[in-house]
Amino acid sequence: MRFVYNLLMTDENNNERSAGAGYSCDRNVYPAGPGEWGPDDRVIAHIDMDAFFASVEILDFPELRGKPVVVGGSSNRGVVSAASYRAREFGIHSAMPIFQAKKLCSGLVIQPGRMARYSELSREVMKILHSYSPLVQQISIDEAYIDLSGTEKLFGKPEETAFRIKKDISDHTSLTCSVGLSVSKLVAKISSDINKPDGVTIIPPEKVMGFIFSLPVGKIPGIGSKSEGELAKAGIKKVGDIGKLSPEFVRERYGKFGERLLEIAAGRVGGEVVPFSPPKSISNEITFSEDTDEIELLEKHLMGLSEKVGRRLRKKYMRGRTVTLKLKDSRHRLITRSVTLARPTCQGKMIYTKARELMEAIEIATKQRLIGVGVSNLSSAREQGFSCSGEPEQGLLFAESGPGEERWDKLDKVMDGILDRFGQGAVKRGRLNE
Amino acid sequence: MKIIVPLGELNKKMNAVSAVVPGKTTMPILSMALITADDSGISFSATDLDISVSTRVNGEVEETGKIAVPAKKVAEIVKSLPGGDVAIGAEGEILTIKCGRSKFSVNGRSPEDFPKLPKQDSKTEFTIDSGFLGKMIQKTIYAVSTDLTRPALCGVKWEADRGGILMVSTDGHRLAKVEAKLSLGDIQKSEVIVPPKALSTFKAFAEKAEMIKVSIGDNSISFEMTDVSIYSRLLEGPFPNYQKVIPVKNEKELLVSKDLLSAATKRVSILSDALTHQVIFSVSKDKLTLHVTTQDLGEAREELEATYSEDEMEIGYNAAYVLDILRTMEGDDIAFHLDKPDNAGMVMPVDQGGDLKHLCIVMPLRIN
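Every chain's residues receive numbers from 1 upward, in the order its sequence appears when written. Labels follow written order: the first chain is A, the first ligand is 1, and so on. Selection of residues for local features in this predicted model requires a pLDDT of at least 70, selection of side-chain atom pairs for listing and counting requires 80 or more, and totals for whole chains, interfaces and linings are taken over all residues. Excluding hydrogens and water, the side-chain figures rest on all heavy atoms present in the structure.

Colleague: In this structure, what is going on with the overall build of chain B? I would like to understand it.
Modeller: Under the scheme used here, helices are H or I runs from DSSP no shorter than 4 residues and strands are E runs no shorter than 2 residues, and both carry numbers assigned from the N terminus. Each helix and strand in chain B was counted, giving 6 helices and 26 strands. For chain B, the proportion of its 368 residues judged to be buried stands at 54%. Intrachain contacts of chain B at a sequence separation of at least 6 include 67% that bridge at least 24 residues. Looking at chain B as shown, the accessible area adds up to about 17,300 Å², and 48% of this sits on carbon and sulfur atoms. Each residue's exposure class comes from its accessible area (1.4 Å probe, protein chains only) as a fraction of the maximum for that residue type: buried when under 20%, exposed when over 50%, partly exposed otherwise. The criterion used for residue contact is that any of the two residues' heavy atoms lie within 4.5 Å. The Shrake-Rupley method, run with a 1.4 Å probe, gives the accessible areas here. Residue values count only the displayed protein chains as cover.

Colleague: What is the right way to read the overall build of chain A from this model?
Modeller: What chain A contains, in helices and strands, is 15 helices and 13 strands. Counting across all 434 residues of chain A, residues that qualify as buried make up 45%. Element-wise, carbon and sulfur atoms account for 52% of the exposed surface of chain A, whose accessible area totals about 22,000 Å².

Colleague: Mind showing me how you'd approach the pairing of strand β10 (residues 124-129) of chain B here?
Modeller: Residue and element names in this part refer to chain B. By the alternation rule, side chains of β10 split into T124, F126 and I128, which are all buried, and E125, T127 and D129, of which none is buried. Whether two strands pair depends on DSSP finding at least two bridges between them. As defined by bridge partners, β10 adjoins strand β15 (residues 211-216) across 6 bridges and the pair is classed as antiparallel. What sits directly across from D129, in β15, is M211.

Colleague: Can you help me understand the packing of aromatic side chains in this one?
Modeller: Note on aromatic pairs: each is described by the distance of the centres and the angle between the planes. Aromatic pairing here means that ring centres of Phe, Tyr or Trp (its six-membered ring) are within 6.5 Å. Orientation follows from the plane angle: under 30 degrees is stacked, over 60 is edge-to-face, and everything else is tilted. Scanning the entire structure with this criterion turns up 10 aromatic pairs over all chains. Ring geometry for F281(B) versus Y317(B): centroids 5.2 Å apart, planes at 90°, classification edge-to-face. Taken together, the residues F281(B) in strand β19 (residues 278-284) and Y317(B) in strand β22 (residues 313-318) connect sequence positions 36 residues apart. Pair check on accessibility: F281(B) and Y317(B) agree, each one buried. Seen from their ring centres, F281(B) and F336(B) are 5.9 Å apart, and the 50° between their planes marks the pair as tilted. Taken together, the residues F281(B) in strand β19 and F336(B) in strand β23 (residues 333-338) connect sequence positions 55 residues apart. For the pair formed by F281(B) and F336(B), the shared burial category is buried. Members of the aromatic cluster, each reached through a chain of ring pairs, are F52(A), F53(A) and Y118(A). The ring of Y85(A) carries R88(A) above its face, with NZ or CZ at 4.4 Å from the centroid. Whether a charge sits over a ring comes down to the Lys NZ or Arg CZ being within 6 Å of the ring centre and within 35 degrees of the ring normal.

Colleague: Any chance you could explain the side chain of R314(A) here in plain terms?
Modeller: Looking at the element boundaries, R314(A) is found in helix α13 (residues 295-315). Not counting the four nearest positions on each side in its chain, R314(A) is found in contact with C346(A), Q347(A), G348(A), D412(A) and D416(A).

Colleague: Please clarify how the sheet that holds strand β4 (residues 109-111) of chain A should be interpreted in this entry.
Modeller: In any sheet, the strands associate via hydrogen bonds between backbone groups, in a parallel or an antiparallel arrangement. Residue and element names in this part refer to chain A. Reading across the sheet, the 3 strands line up as β3-β2-β4 and stay open at both edges, with mixed pairing between neighbours. Each end of this open sheet is capped by a strand with a single partner; those strands are β3 (80-83) and β4. Strand-to-strand, the axes of this sheet are offset by a mean angle of 30°, without reference to chain direction. Summarising the sheet, strand β2 (residues 69-72) and β3 pair through 3 bridges and their orientation is antiparallel. Within β3, the position partnered with G72 by the bridge is V80. Axis lines are fitted to C-alpha atoms, over the contacting stretch for helices. Their N-to-C directions set the angle, which ranges from 0 to 180 degrees.

Colleague: What is the right way to look at the pattern of salt bridges in this model?
Modeller: Side chains carrying opposite charge are able to pair once their charged atoms draw close together. We define a salt bridge as a side-chain nitrogen of Lys or Arg found within 4 Å of a carboxyl oxygen belonging to Asp or Glu. Within this structure, the stated rule accounts for 42 salt bridges over all chains. D60(A) is the partner of R117(A) in a salt bridge, and the nearest nitrogen-oxygen pair spans 2.7 Å. Pair noted here: R117(A) is in helix α6 (residues 115-130) and D60(A) is in helix α3 (residues 52-60), with a separation of 57 residues, a long-range link. Between D113(B) and R109(B) there is a salt bridge, with its nearest N and O atoms 3.2 Å apart. Looking at D113(B), the relative accessible area reads 38%, which means it is partly exposed. On the basis of relative accessibility, which here comes to 27%, the residue R109(B) falls in the partly exposed class.

Colleague: Sorry, what's going on with the interface of chain B and chain A here?
Modeller: As a measure of interface size, the accessible area lost when the parts come together is often cited. Each partner contributes residues to the interface: chain B has 24 residues there, and chain A has 17 residues. In short, buried area is how much 1.4 Å probe accessible area vanishes from two parts on joining, totalled over both. For the pairing of chain B and chain A, the buried interface totals around 1,800 Å² over both sides, and the portion due to carbon and sulfur atoms is 57%. Linking chain B with chain A are 0 salt bridges. Between N or O atoms, a polar contact is any pair within 3.5 Å; within protein, one atom must be a potential hydrogen donor and the other a potential acceptor, and residues adjacent in sequence are included only when both atoms are from side chains. Put simply, chain B and chain A have 1 residue pair in polar contact (both at pLDDT 80 or more) between them. A breakdown of the residues in the side of chain B that touches chain A according to their chemical character gives 10 nonpolar, 9 polar and 5 charged. Note that strand β13 (residues 393-394) of chain A and strand β26 (residues 365-366) of chain B share 2 bridges and pair antiparallel. The residue bridging E393(A) from the neighbouring strand is R366(B), located in β26(B). Residue polarity follows a fixed list, in which Ala, Val, Leu, Ile, Met, Phe, Trp, Tyr, Cys and Pro are nonpolar, Asp, Glu, Lys and Arg are charged, and the others, Gly among them, are polar.

As structure tokens, this is what we get:
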């Protein structure tokens, strides 16, 4: 058994490894040597569920076990949103068009997505994380950071806690995850990927700088293949190589990501685990089962989506001022148009009206495959002087919402009440029933 | 060009024009001020294309000429000079500033690059006392909206006719209106929306009591003082129908001392919510009680003597709005004209005094 932190030492041997090879490793490794966290060191874990959607499908449909499974649109037009590890052996990866995935693997099982079920399990995972620390930052449905600093007395050493969390998740959900444990979000995230799936990677404080220096620059989030190529030309393959160049040169030559590399190489890889960050925008979109250029149909979908977006805004006590319409045609050409309103809104009707105006201004000559609507430029209703849940509300001198719009607000409120009580679809606008 | 200007005069005028220069601009020439020396004297000008200012400068012209100079830099240099007369010269596009043993050469620009200052297309012209005009501006400028998506509310509406001037401003939560009966002569009625920057620039320059000329055109307004002329574009309307929101049936009158109310509001609002600034006004028989309860912060309460004989009520107001009103009211006592707790409150000075009629409207914070 080889221990993961050995891999990460900057001895000559490891420096010679190619980027890929340096990251292969035994499963479920645990550092044999001391992994001492000092009192001032942060303890941060990154938890990443393994092939989350695909794993849930296999969990719910055991007959799929061992088969190459992807979750994605059932038609040839969709893309892979998750691939099981068996499917990945065929070279299938997320975001690959389904038809291409089918070409790579004839026996491919394509499961339609069941977002409600994934969300349910995701919530369960997050609940487990919250039982270890209040500082949980959920990045996406299947990924989160957790700040475990100061939990030693409760749960024992950080590395033990990492394994415990992993076991807890597996006991409760029968799903596996990979855990990266270190002193910062950046290092934790990069390390959780090292022993994927079902692995734990621990980079204790004294190994962090060595680990960072030996990292291929492409592993740094935000540095894409293009930047990587540019850096390679200057002989910068690993983060540690940046020390060969003068900081001034790096800043001038590589701008923003150069600056970031310097920061990282200097060990400044901060970033607090922020339990909640307010959303920047709220949007919904739909891909049609069949492309369409029928304006009526597009409008109908737009109305349904606008209602959904409005409802989600209201649930979060938020309003937004910018409405964005998104259309993608059969040739995947994307059009987005935005308009900024005089006053922030959370009204489905207002969002729909503005989005439809945007659509009317576009000449729809080709068939469309996708339509979406989003609201951004958000602020909490409170900041804007609107009341939420019993707070005082600043009165307005002029009826700014225009005649009759107060009634739409009331209608939204009533519909929200019905939907909260009887569930999705219990009430909708007449037009959406046609 | 060669001119000699006393430092005090130079400092004042350079500072004044550089206040008009935009902080950030995509057109570098707008960060310049134009210095002109000709047979009629010396003048400095600056513009941000919306507002232009020209000011006469007292000094000696030894040699006529013109140059555009970086306004903020020159103002900074002038401010740092020790004292005495300052000799300013221009050769080509280089400005020289000499004072005592200090000498500066500053890179300027050709005066030809400087935007031509617009000509006023005047439709309505009248003269008015600068102090009086300043007072009207002070009573309305604070209620202007800063919401750029509602441009008409971002200015003060002026209505001028032969019977006087009316100014009104509102941000949708409160409104300030001041009316002056004046004999402005046989002028054409004019209704325009004046941007606040033009008004604050005017106030900055109008330091001595003098009669000034105001000209209003379709798209612009100008103020002509002895030493300074200010030109500004107007904002486009329509301004909302403010008459409609002035309450007519607010019959419950509350009289209270302005200074006591102001001091009490300041005190209790220390504990008010940082966003809503809510202070509750409780009115009862000859008494006004201000109170604030904010979760996480605490409570404050203060009782004031007042004159009131109607129903008891509790009304929530944004303390900052109330203080703005009190700050601009004349006289010792003010009158609140109230209706229901959710309806607009109207505030006026008890003694209107002189030819001014001043009223403010403030919408309450609805207590849910």
